[in-house]
Number of protein chains: 4
Amino acid sequence: MTQTEMTWTPRTDLALEIGANLQAQSQNQAIEGIAIQTENHKQYPITTTSIEILNEVGEKAMGKPIGHYITIESPKMKENDPEARREIIDVVSTQLQKLLPQKKDLSILVVGLGNRYATPDRLGPDVSGKVLVTRHLKEHAPDAIDESINTVSSLTPGVMGLTGIETSEVIRGVAENIKPDCIIAIDALAARSPERINATIQMSDTGIAPGAGIGNKRKQLNAETMGCPVIAIGVPTVIDTATLVNDTFEHLIESMLAHAPDHGFYTMLQQVSGEEKYHMIREILEPKLGNLFVTAKDIDEIMVYLSEIIFNSINIAVHPGIGLDDINKYSN
Amino acid sequence: MTQTEMTWTPRTDLALEIGANLQAQSQNQAIEGIAIQTENHKQYPITTTSIEILNEVGEKAMGKPIGHYITIESPKMKENDPEARREIIDVVSTQLQKLLPQKKDLSILVVGLGNRYATPDRLGPDVSGKVLVTRHLKEHAPDAIDESINTVSSLTPGVMGLTGIETSEVIRGVAENIKPDCIIAIDALAARSPERINATIQMSDTGIAPGAGIGNKRKQLNAETMGCPVIAIGVPTVIDTATLVNDTFEHLIESMLAHAPDHGFYTMLQQVSGEEKYHMIREILEPKLGNLFVTAKDIDEIMVYLSEIIFNSINIAVHPGIGLDDINKYSN
Amino acid sequence: MTQTEMTWTPRTDLALEIGANLQAQSQNQAIEGIAIQTENHKQYPITTTSIEILNEVGEKAMGKPIGHYITIESPKMKENDPEARREIIDVVSTQLQKLLPQKKDLSILVVGLGNRYATPDRLGPDVSGKVLVTRHLKEHAPDAIDESINTVSSLTPGVMGLTGIETSEVIRGVAENIKPDCIIAIDALAARSPERINATIQMSDTGIAPGAGIGNKRKQLNAETMGCPVIAIGVPTVIDTATLVNDTFEHLIESMLAHAPDHGFYTMLQQVSGEEKYHMIREILEPKLGNLFVTAKDIDEIMVYLSEIIFNSINIAVHPGIGLDDINKYSN
Amino acid sequence: MTQTEMTWTPRTDLALEIGANLQAQSQNQAIEGIAIQTENHKQYPITTTSIEILNEVGEKAMGKPIGHYITIESPKMKENDPEARREIIDVVSTQLQKLLPQKKDLSILVVGLGNRYATPDRLGPDVSGKVLVTRHLKEHAPDAIDESINTVSSLTPGVMGLTGIETSEVIRGVAENIKPDCIIAIDALAARSPERINATIQMSDTGIAPGAGIGNKRKQLNAETMGCPVIAIGVPTVIDTATLVNDTFEHLIESMLAHAPDHGFYTMLQQVSGEEKYHMIREILEPKLGNLFVTAKDIDEIMVYLSEIIFNSINIAVHPGIGLDDINKYSN
């Protein structure tokens, strides 16, 4: 699971949530250095938001590097609704294709980040274990394979706690050998809003930091460290417990103030900044909760839907000009 | 997973937590109708607390039926420490034996409650799937089996959402056919304190209500509904999100008051009862969190340790006069 | 996994294989008491064979009770081909519907036989764990559910070696309580031909004998023992090792004779009957192979396809007048 | 799963079986270039056989490279007998230690070969996922860790059919980055004798060829290709179907000849060499059985015992001077 560099902002990996936060603060004025665009699906509740961070001003405001961030949201992602799922795959694959290098004979390395033994963190391994790989066929049986099929390989590096090796070291070692044009890295994320859990897919062309601590640039997976562009695909599957408590607390205070608006409490709250409050909550929770997180009751089943959406979207996006049913014929 | 009838008390299944709450309120005076006794292991951090609810006064105070409630606590339960695990099994099996009917040729039905497809809820199915069963051997090959081996069978009824049948109906149907002397029902529970998650085993001789709503007596598993005593073994594996937020909020208010003791806020808080606050939090969280809960990051691994502790403790307790290594010889 | 009563015929659970054997022996003449009919799918390699055992003559010849046996064969069952899978589901659900009681307000109990902890035997539990159940909705929220939805519940009784209870006892106990109009029992089978493994679905309205030994009538699941019709759905997932060796041996002898036709060996072979040879092979293999069987390398993945075919076919067959996508809306 | 270069010898990965074959052929005379030594455990049925291939003569006779091959056999490996398991771990770890480089501050890379999604082939991934890793602790928290703890990391490269990358490429890429003193590679094997399935551990210091075809030297994992010694640990979990049929056939012929010794068949059989017969069987079986193999009914459970034996043996062997219970304290 990925941890981003934390500003005081309650913990989220989603550009969308950071952007929404900024927009709320700027009272919906355009924010310098950032372009935001939203599109709704005609038939299903599927929303696509593109955020482009244009320059260093935007970079600083967002706390994320210059590049494209595409977020697809749909409550249908976590439901057993095959028809809606097909539409979501259609949207995700179309957006993903825009982020891929536009060249012929593309070679892609799909990397599944995260821990397969922790259910909400197994998204990456589930995808890298199921995506259609073709590199060995292209090498050993090129005639048996359609021309429009590109070169795909996959890697599931594991997590440092179980391998003793930094994830980026494993990936770099393999990437140096097989020299892909692009890495697609899939990871489970943390989000701030309960509504977004298991209902949001974020893609970006700026890379990702698997399990990174604060400011540890070395561990980043990006064009600089890997020698090729890194597209990150993430889905928030957990909420950080302190963030959840913090947000509930904010709502609670609003409710209480609605009942007793003239209260001196308001003054006190103004003295306590958001950051201070968040840290107080962490202080209370940390010793007890270090190892706990908030997740969905039916996460085991939802993971099946989410991985299906993502590996199918990758299959379609990386092999343009060939349908999903035809792609499946190449699967082992 | 079991849900108890809820008084306003933040959601817990643990008699221990309710008792502690009562003791705090009574300022450690003896509470009428309740006898509490605590014992510490000599070598390992293992604490055994016996609560006996003696009469209707105790029943009302605790919100739980008359009977024995034994709680064993140890942080070692969730660690990969085989030596400590052996000691815990020793303590749990000794306590469990006290709750079993004291008769020869005992026949036990072990029932694993909960949903095997949701990791923190799969404790019951994991235990009922691994406990040593002997009923078929006693029937079909009685000579092949040591005399001190009692009759054990097991059942994993599933959850209503996946079977369409009330769990108690399934169990009663089977119990009517095989007529055990006693049912041992295992279930995952919810607790209030983060420290107790995956670190507490509660046993009682008063039965259990699998997935019960409020006041739905029909669904209880107990001597009355099953025709034989029902021993419940439970381990808290999740915290209800609203409870966690509520408790953190209480601590937070204490912290804030420590910084600003003369504040009018205190007055306001006195006006807001614990119950009101809890319900406000539920109101805020419910629509968003209905399907979320707090659990351990390494729950998949911890489940292996917990089920091992419980099925081994049952194996030892129900076959007195035979060692664990000998018992294992009968396992298929 | 089901074991049928064994005549000397090499071990198979498939009526189709027994029928083919009889037809070969009768040199494709009609066999008394048996009606066989075959139909091919127009587009996909899907073959449907209906065998009706009409009377006691047929019963004796087939070694199976009077009734309907429908076999659907397709190599596509074991492949990752969603389009072909949809066609197979269409064929299976249509055939299954013919076997179901033709009445309004149907109540079905789906029973998943077999051992979920042994991959080739987990078909039953996989289906009963995934089929759409509605009985609790019909009881507790009848207004929330479409009229054309029938009453479905499911049960996963486990295997005697892990529960200590005979499977039929568990099912009967539950069936007595919920009184379904019909039981659908799913089980993994053994087949004779390698080609049929994971590529054949057999359905019959005559019940099934889970893990039955020879001639143990008491353990049968059928209308007589369960109080309602029992439809069996089975898929061969393993080959008995002795059967495989025996069949290969036959082919080998044919090959060798082709090379040396005038050999005295032929005389010797005529002296050794099929039955003798099979028992010699069993004698050689039994002590070493008691616990071994022949299965597919990618059985884990194939099980996902097979269970999807069967639970979807049941979902469609038991709720006529409602599409699969609408059915899925009621899932958990 | 590993495939060795095949001489005509029916398919086996076990040096022990090849050696036994040679000894049978040489009528128990010493075989040039090979030293064989056997030792029995005093209390448990555990046999240790050391085969040393001394020179090119032995290399040619065995069809395996010069080096040490240690085989530990025990039927107890596949049983739920914790006491016997502890003894087996003791024997395996002692033998493994002999094969490890004898130096201070050892750095080991444990590589789990095979496919985690195919049960009999998941031994490697199960071990590499559970072995205690320390490399990250040595790097990031050297003070928190006992001096006698060596540097261990692990890698689960996956299989080419699922990754598109040759296994050896993945491993070399990582090994070049972390430069271990030694690689320990674990893999599931094929054996010839049913009795040896899941009851034999083979270790050697000559490397291994994951999924290698015939004569493809490039794919070998050994000192030459990896830049450090490669110790292979393998357990046979399947029998190749053609081998099983071939061996049964041999026994069958012996049985038949015992009944009719003067038969001309004997002459014919002498004309059919072992190799011819094996290839005839393959020809018959191949088209039908390409994807089938022989495995144990309870392979899922046995895999738990086998992986426990191997990862614990590695834990003990690579950290001499520290007990297993202490080692476990470092596990995450």
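J.: Just checking my understanding: could you explain the overall build of chain A for this structure?
T.: When helices and strands are tallied, chain A shows 13 helices and nine strands. Carbon together with sulfur atoms contributes 48% to the accessible area of chain A, which is approximately 13300 Å² in total.

J.: Just to check I follow, could you spell out the packing of helix H4 (residues 123-130) of chain C against helix H12 (residues 299-318) of chain C for this structure?
T.: What describes two packed helices is the angle between their axes and the distance between those same axes. Residues and elements named next belong to chain C. Packing of H4 against H12 brings their axes to within 9 Å, and their N-to-C directions diverge by 45°. Classified by the interaxial angle, the pair formed by H4 and H12 is oblique. Relative to H12, H4 is oriented so that their crossing is right-handed. Residues Leu123, Asp126, Val127 and Lys130 of H4 touch H12, and the partners they reach there are Met303, Leu306, Ser307, Ile310, Phe311 and Ile314. Each residue belonging to the contact of H4 with H12 can be placed in one class, and the counts come to seven nonpolar, one polar and two charged.

J.: Would you mind going over the nonpolar core with me for this structure?
T.: The tendency in soluble globular proteins is for nonpolar side chains to be buried as a group. Counting 105 residues, the largest nonpolar core has Ile314 of chain A together with Ile314 of chain B as its most contacted members. Setting aside chain neighbours within four positions, we find Ile314 of chain B in contact with Leu96, Val110, Val127, Val131, Ile184, Ile186 and Ile233 of chain B. Core analysis: the next-biggest nonpolar cluster, separate from the first, contains 104 residues, Leu96, Val133, Val152 and Met203 of chain D among them.

J.: What should I look at first to understand unusual backbone geometry in this one?
T.: Backbone geometry follows two general trends: most residues other than glycine have a negative phi, and most peptide bonds adopt the trans configuration. One non-glycine residue, Lys179 of chain C, adopts positive backbone phi at about 45°. Looking at where Lys179 of chain C falls in the secondary structure, it is placed in the loop between helix H7 (167-178) and strand S6 (182-191). Phi angles above zero are rare outside glycine, and Asn198 of chain D is one such case at about 60°. By secondary structure assignment, the location of Asn198 of chain D is in the loop between strand S6 (182-191) and strand S7 (200-204). What makes Asn198 of chain D buried here is its relative accessible area of 1%.

J.: What's the story with helix H7 (residues 167-178) of chain B in this structure? I'm lost.
T.: Each α-helix turn comprises 3.6 residues. Residues three or four places apart therefore point the same way. Residues and elements named next belong to chain B. Between its first and last C-alpha atoms H7 spans 17 Å; for 12 residues at 1.5 Å apiece the expected length is 16 Å, and the two agree. For H7, a buried count of nine out of 12 residues is recorded, marking the element as mostly surrounded by other parts of the structure. The complete set of buried residues in H7 reads Thr167, Ser168, Glu169, Val170, Ile171, Gly173, Val174, Ala175 and Ile178.

J.: Even after reading the chapter, I still don't get empty space enclosed by the protein, so can you show me in this structure?
T.: This model, assessed by the stated rule, comprises five cavities of 30 Å³ or more. The computed volume of the largest cavity comes to approximately 340 Å³. Lining the largest cavity are 29 residues, and of these Arg116, Thr156 and Gly158 of chain A together with Arg116 and Thr156 of chain D lie nearest its centre. When contributions to the lining of the largest cavity are tallied by element, the ones reaching two or more residues are helix H4 (123-130), strand S5 (151-155) and helix H6 (160-163) of chain A together with helix H4 (123-130), strand S5 (151-155) and helix H6 (160-163) of chain D.

J.: So what exactly am I meant to see when it comes to the pattern of salt bridges here?
T.: It is possible for side chains bearing opposite charge to pair when their charged atoms get close. All names here are of chain A. Throughout the structure, instances matching the rule amount to 40 salt bridges over all chains. Glu139 serves as the salt-bridge partner of Arg135, at 3.6 Å between the closest nitrogen and oxygen. Here Arg135 pairs with Glu139, and both are found in helix H5 (residues 135-140), just four residues apart, close to one helical turn. One network of salt bridges, in which partners are shared, links Glu17, Glu73 and Arg196.

J.: Honestly, the environment of Ser168 of chain D in this entry has me stumped. Any pointers?
T.: Residues and elements named next belong to chain D. Inspection of the secondary structure assignment puts Ser168 in helix H7 (residues 167-178). Take Ser168: its relative accessible area is 4%, and that puts it in the buried class. A C-alpha to C-alpha distance of 7.8 Å links Ser168 and Pro210, two positions 42 residues apart in sequence.

J.: Honestly, the environment of Phe311 of chain C in this entry has me stumped. Any pointers?
T.: Residues and elements named next belong to chain C. Structurally, Phe311 can be placed in helix H12. Distance in space between the C-alpha atoms of Phe311 and Leu137 is 19 Å, their sequence separation being 174 residues. Excluding residues within four positions of it along the chain, Phe311 makes contact with Val127, Lys130 and Val131.

J.: It is not clear to me how the environment of Ile239 of chain A should be interpreted in this structure. Could you clarify?
T.: Along the chain, the position of Ile239 of chain A falls in strand S8 (residues 230-239). With a relative accessible area of 0%, Ile239 of chain A lands in the buried category. Along the chain, Ile239 of chain A and Ser193 of chain A lie 46 residues apart, while their C-alpha atoms are 7.6 Å from each other. Sequence-distant contacts of Ile239 of chain A, that is, excluding residues within four places in its chain, are made with Ala191, Arg192, Ser193, Pro194, Ile197, Leu244, Phe293 and Val294 of chain A together with Leu292 of chain B.

J.: Would you take a moment to explain the pairing of strand S8 (residues 230-239) of chain C for this structure?
T.: Along any regular strand the residues' side chains alternate between the sheet's two faces. Residues and elements named next belong to chain C. Here S8 lies mainly inside the structure; 10 of its 10 residues are buried. Two strands pair when backbone bridges link them, and S6 and S8 are joined in this way by nine bridges, in the parallel orientation. Bridge pairing in S8 places Ile184 opposite Ile231. In terms of strand pairing, strand S7 (residues 200-204) meets S8 through three bridges, oriented antiparallel. When the sheet's bridge partners are listed, Gln202 is paired in S8 with Gly234.

J.: What am I meant to see in the confidence of the model for chain A here?
T.: In low-pLDDT segments, the atomic positions of the prediction should not be examined closely. Residue and element names in this part refer to chain A. Confidence in the prediction of chain A, expressed as mean pLDDT, is 84, and 83% of residues score 70 or more. Taking the mean pLDDT of every element in chain A, the minimum, 54, falls on helix H10 (residues 265-271) and the maximum, 98, on strand S4 (residues 107-112). Segment residues 2-10 is flagged for pLDDT under 50; beyond a separation of four residues in sequence, or across chains, it makes 33 contacts in the model. pLDDT under 50 marks residues 212-217. Its contacts with residues more than four places away, or in other chains, come to four contacts. Model confidence for the complex: the whole-complex pTM is 0.87, and ipTM, which rates the interface, is 0.85.

The rules we used
- Along each chain, residue indices are assigned from 1 in the same order as the chain's sequence is written.
- Ligands are numbered from 1 and chains lettered from A, in the order in which they are written.
- Residue-level local features of this predicted model are given only where pLDDT is at least 70; pairs of side-chain atoms are given and counted only at 80 or more, and the full residue set underlies all totals for whole chains, interfaces and linings.
- Side-chain figures throughout are based on the complete set of non-hydrogen atoms in the structure, without hydrogens or water.
- A run of DSSP states H or I qualifies as a helix once it reaches four residues; a run of E qualifies as a strand once it reaches two. Both are numbered from the N-terminal end.
- Shrake-Rupley sampling with a 1.4 Å probe provides the accessible areas, and residues are treated as covered by the protein chains on show and by no other component.
- Working convention: axes come from line fits to C-alpha atoms, limited for helices to the stretch in contact. Angles between N-to-C directions cover 0 to 180 degrees.
- Each angle gets one of four labels, with under 35 degrees taken as roughly parallel, over 145 as roughly antiparallel, 65 to 115 as roughly perpendicular, and the rest as oblique.
- When the near helix sits turned anticlockwise from the far one by under a right angle, the crossing is termed left-handed; a clockwise turn instead gives a right-handed crossing.
- Any two residues having at least one pair of non-hydrogen atoms within 4.5 Å are treated as being in contact.
- Just so you know the grouping, Ala, Val, Leu, Ile, Met, Phe, Trp, Tyr, Cys and Pro go in nonpolar, Asp, Glu, Lys and Arg go in charged, and all remaining residues, Gly too, go in polar.
- Joining through side-chain atoms within 4.5 Å is the link that ties buried Ala, Val, Leu, Ile, Met, Phe, Trp, Tyr and Cys residues into a set, and such a set is a nonpolar core.
- Exposure categories follow from relative accessible area, calculated using a 1.4 Å probe and restricted to protein chains: below 20% of the type maximum is buried, above 50% is exposed, and the middle band is partly exposed.
- By definition here, a helix of n residues has an expected span of 1.5 Å times n minus one.
- Computed over the protein atoms alone on a 1 Å grid, cavities are sets of points where a 1.4 Å probe fits but cannot get out and pockets are open sets with protein on both sides within 12 Å along at least five of seven lines; a residue lines them when it has an atom within 4 Å of a point.
- Grid points are joined across faces, edges and corners, and a volume is the space filled by probe spheres set on the points.
- When a carboxyl oxygen of Asp or Glu is within 4 Å of a side-chain nitrogen of Lys or Arg, the pair counts as a salt bridge.
- A strand pair is defined by DSSP finding two or more bridges across the two strands.
- pLDDT gives the predictor's per-residue confidence on a scale running from 0 to 100.

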